[in-house]
Amino acid sequence: MESRRHSCRQCGLQLPAPTGAKAIYCPRCQRFTQFQPKNNMHGAPTVNANGPYSNNINAMNTGLPVYPAKPRTVTSGFGYGNYRPESFQIRSPQVMRPQPPPPVHGRKRAVLCGANYRGHNKSLKGSINDVLAMRYLLVDKLGFPNASVIVLTENEKDIFRLPTKANIRAALRWLVHSCQPGDSLVFHYSGHGSRVRDLDGDEVDGYDESLCPIDYETEGRILDDEINETIIRPLPRGATLHAIIDACHSGTFLDLQFMCRINRGGSYMWEDHRTPHGTYKGTRGGIAICISACDDHQSSGDTIAFTGFPTGALTYSFVKTLEQEPKLTYGRMLLSMHKKIHETQKRIGLNSKDVSQEPQLSASERFDIHSKLLIL
């Protein structure tokens, strides 16, 4: 692909950019340099038009006023209250020494990825907070070893721990490398999600879902086809992978074979998302389960409604539910998450017509969600 070189406006580093790119991301100072004004990002997700501090769960769909949130320290036992929300200040440019990936060991390991898109006109505020909460849950509550958890955020000093396309790909390969029966794997992603036209006929609705690394404008998105090929198909019998995806258009984010539809009364059914001529989406015998923020046609967003500082509704309700009920079924988890989100909507004066966000469950195989326990 033909490329050109541009200087980062923050630190002056020369960076290659494909012809036609409208911005470049600098890994040294972690800033975007835009070449020209843009009306909109082609195919990018819609973000809260009122700003990230709107006082509702999905303010992008409403016209409510904006109330700025002040960072604060919370002393409750819940994961979101065990750290001070970051100030999101820009660090001075510095040369960072890359660190090697941790050795693949232990029966539990995780990749936690949060992208705030700092310096971008479509930036988020809650994604890194979501990662911190997930890390608290996994390490402090569920016994995941520190050495077996890779964190990718814009706050990391190591350039190989930034949520770029190359780094996310490498982390996902690490997650399943040498996976054995009995292993428990977790992939958590909080950031932008988008939809693109399906070109290989393996999507029931005709669209692929994708995650957006911080350098997606120059390097491209990561499609659900690739995510499935990387971490789903290699999963051996006896291994389990859970993905918690807090992003727009995330219902079938892992391209799994079955989608669970549940109503508020607990009745459910499994939809078959296999296509006659599509690529195999299953595992090598292991179980893969995805808990996502919303259906493929829905949006999700930052909110201060739960904690007073920006978080994702999916991550908050998931962590809170598992902290309150350590042993619960998948059905109980879904109903509890729905209840928490709907109660918050009601408390701030919204109803289901104002906000369209329902947590979703998809899996590599069908099972009884009211008897199978959620074990990470």
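Please read all numbers here as calculations on a predicted model, not as lab measurements.

> What is the right way to look at the pattern of salt bridges in this model?
Side-chain pairing between opposite charges can occur once the charged atoms of the two side chains come close. Within the structure shown, the criterion is met by seven salt bridges. The salt bridge involving Arg169 is made with Glu226; its shortest N-O contact spans 2.6 Å. Residue Arg169 is located in helix α2 (residues 165-176), and its partner Glu226 is located in helix α4 (residues 224-232); the two are separated by 57 residues in the primary sequence. Given the relative accessible area of 23%, Glu226 is considered partly exposed. Across the pair Lys281 and Asp255 runs a salt bridge, and its minimum N-O distance is 3.4 Å. Here Lys281 is found in the loop between β13 (268-272) and β14 (287-292), whereas its partner Asp255 is found in the loop between β11 (240-246) and β12 (258-262), with 26 residues between them in sequence. The same class applies to Lys281 and to Asp255, which are both buried.

> Got a minute to help me understand the pairing of β11 in this structure?
Both faces of the sheet carry side chains from a regular strand, because those side chains alternate between them. The element β11 is extensively covered by neighbouring structure, given that six of its seven residues are classed as buried. Sheet topology places strand β7 (residues 184-190) next to β11; seven bridges connect them, and they run parallel. What sits directly across from Leu185, in β11, is Leu241. Direction of pairing for β11 relative to β14: parallel, over a ladder of six bridges. Residue pairing for β14: Ile245 is matched across the bridge by Ser292.

> Mind showing me how you'd approach the sheet that holds strand β17 (residues 360-363) here?
Two modes of strand pairing occur in sheets, parallel and antiparallel, and in both the strands are linked by backbone hydrogen bonds. Reading across from one edge, β6-β5-β7-β11-β14-β17-β12-β13 is the order of the eight strands in this open sheet, with mixed pairing throughout. Of all the strands in the sheet, the pair left with one neighbour each is β6 (149-152) and β13. Strand after strand, the sheet turns through a mean of 15 degrees between neighbouring axes, direction not considered. Where β12 meets β13, five bridges bridge the pair, whose relative direction is antiparallel. Opposite Phe258, over in β13, you have Asp272 as the bridge partner. Sheet contacts for helix α1 (residues 127-141): β5 (108-114), β6, β7 and β11; angle to β5, the most-contacted strand, approximately 165 degrees. This element, α2, spans β5, β6, β7 and β11 of the sheet and lies at about 165 degrees to β5.

> Would you take a moment to explain the sheet that holds strand β8 (residues 193-197) for this structure?
Strand order across the open sheet formed by three strands is β8-β9-β10, with antiparallel pairing between neighbours. The outermost strands of the open sheet, each flanked by one partner alone, are β8 and β10 (222-223). Here β8 pairs with strand β9 (residues 207-211) via five bridges, running antiparallel. Along β9, the bridge assignment pairs Gly193 with Leu211.

> Sorry if this is basic, but what is going on with the packing of aromatic side chains here?
Two aromatic rings, taken as a pair, are described by how far apart their centres are and by the angle between their planes. Counted by the stated rule, this structure contains three aromatic pairs. Where Tyr189 meets Phe253, the ring centres are 6.0 Å apart and the plane angle is 20 degrees; that geometry is what we call stacked. One end of the pair, Tyr189, is in strand β7; the other, Phe253, is in the loop between β11 and β12, and 64 residues separate them in sequence. Taken together, the ring pairs in this structure connect Trp270, Tyr330 and Phe367 into an aromatic cluster. Cation over ring: Lys372 sits above Phe367, and NZ or CZ is 5.6 Å from the ring centre.

> Any chance you could explain the packing of α1 against helix α5 (residues 313-324) here in plain terms?
A pair of packed helices can be characterised by two numbers: the angle between their axes and the separation between those axes. Following both chains from N to C, one finds α1 and α5 inclined at 20 degrees, their axes separated by 10 Å at the closest point. Here α1 is positioned roughly parallel relative to α5, judged by the angle of their axes. In the crossing of α1 with α5, the sense of the turn from one axis to the other is left-handed. Only Thr315, Phe318, Val319, Leu322 and Glu323 of α5 make contact with α1, whose side of the interface consists of Asp130, Ala133, Met134, Tyr136, Leu137 and Lys141. A per-class count over the contact of α1 with α5 returns seven nonpolar, one polar and three charged.

> Help me out: how do you make sense of α1 in this one?
Owing to its 3.6 residues per turn, the α-helix brings residues three or four apart onto one side. Relative to the 21 Å expected for 15 residues at 1.5 Å per residue, α1 spans 20 Å between its end C-alpha atoms, a close match to the ideal helical length. Here α1 lies mainly inside the structure; 11 of its 15 residues are buried. Within α1, burial applies to Ser127, Ile128, Asn129, Asp130, Val131, Ala133, Met134, Tyr136, Leu137, Leu138 and Val139. Immediately downstream of α1, the backbone of Gly143 shows phi near 80 degrees, a positive value.

> Hey, could you run me through the packing of α2 against α4 in this one?
Where α2 contacts α4, the two axes come as close as 8 Å, and the packing angle between them is 30 degrees. By the angle between their directions, the pair α2 and α4 is classed as roughly parallel. In contact with Arg169, Leu172, Arg173 and Val176 of α2, α4 contributes Glu226, Thr230 and Ile231. Of the residues assigned to the contact of α2 with α4, the class counts are three nonpolar, one polar and three charged.

> Would you mind showing me how to read the environment of Val196 here?
Mapped onto the fold, Val196 is located in strand β8. Judged by relative accessible area, Val196 falls into the partly exposed class, the value being 23%. Taking C-alpha positions, Val196 is 5.5 Å from Tyr207, a pair spaced 11 residues apart along the chain.

About the thresholds
- Residues numbered from 1 in each chain as written.
- Predicted model: local features only at pLDDT ≥ 70, side-chain atom pairs only at ≥ 80, totals over all residues.
- Heavy atoms only, no water.
- Salt bridge = Lys/Arg side-chain N within 4 Å of Asp/Glu carboxyl O.
- Helix = DSSP H or I, 4+ residues; strand = E, 2+ residues; numbered from the N terminus.
- Buried < 20%, exposed > 50% of the residue type's maximum accessible area, 1.4 Å probe, protein only.
- Pairing = 2+ DSSP bridges.
- Axes fitted to C-alpha atoms, helices over the stretch in contact; angles between N-to-C directions.
- Contact = heavy atoms within 4.5 Å.
- Phe/Tyr/Trp six-rings, centres within 6.5 Å; stacked < 30°, edge-to-face > 60°.
- Lys NZ or Arg CZ within 6 Å of the ring centre and 35° of its normal.
- Parallel < 35°, antiparallel > 145°, perpendicular 65-115°, else oblique.
- Left-handed = near helix turned anticlockwise from the far one by under 90°.
- Nonpolar A, V, L, I, M, F, W, Y, C, P; charged D, E, K, R; others polar.
- Expected span 1.5 Å × (residues − 1).

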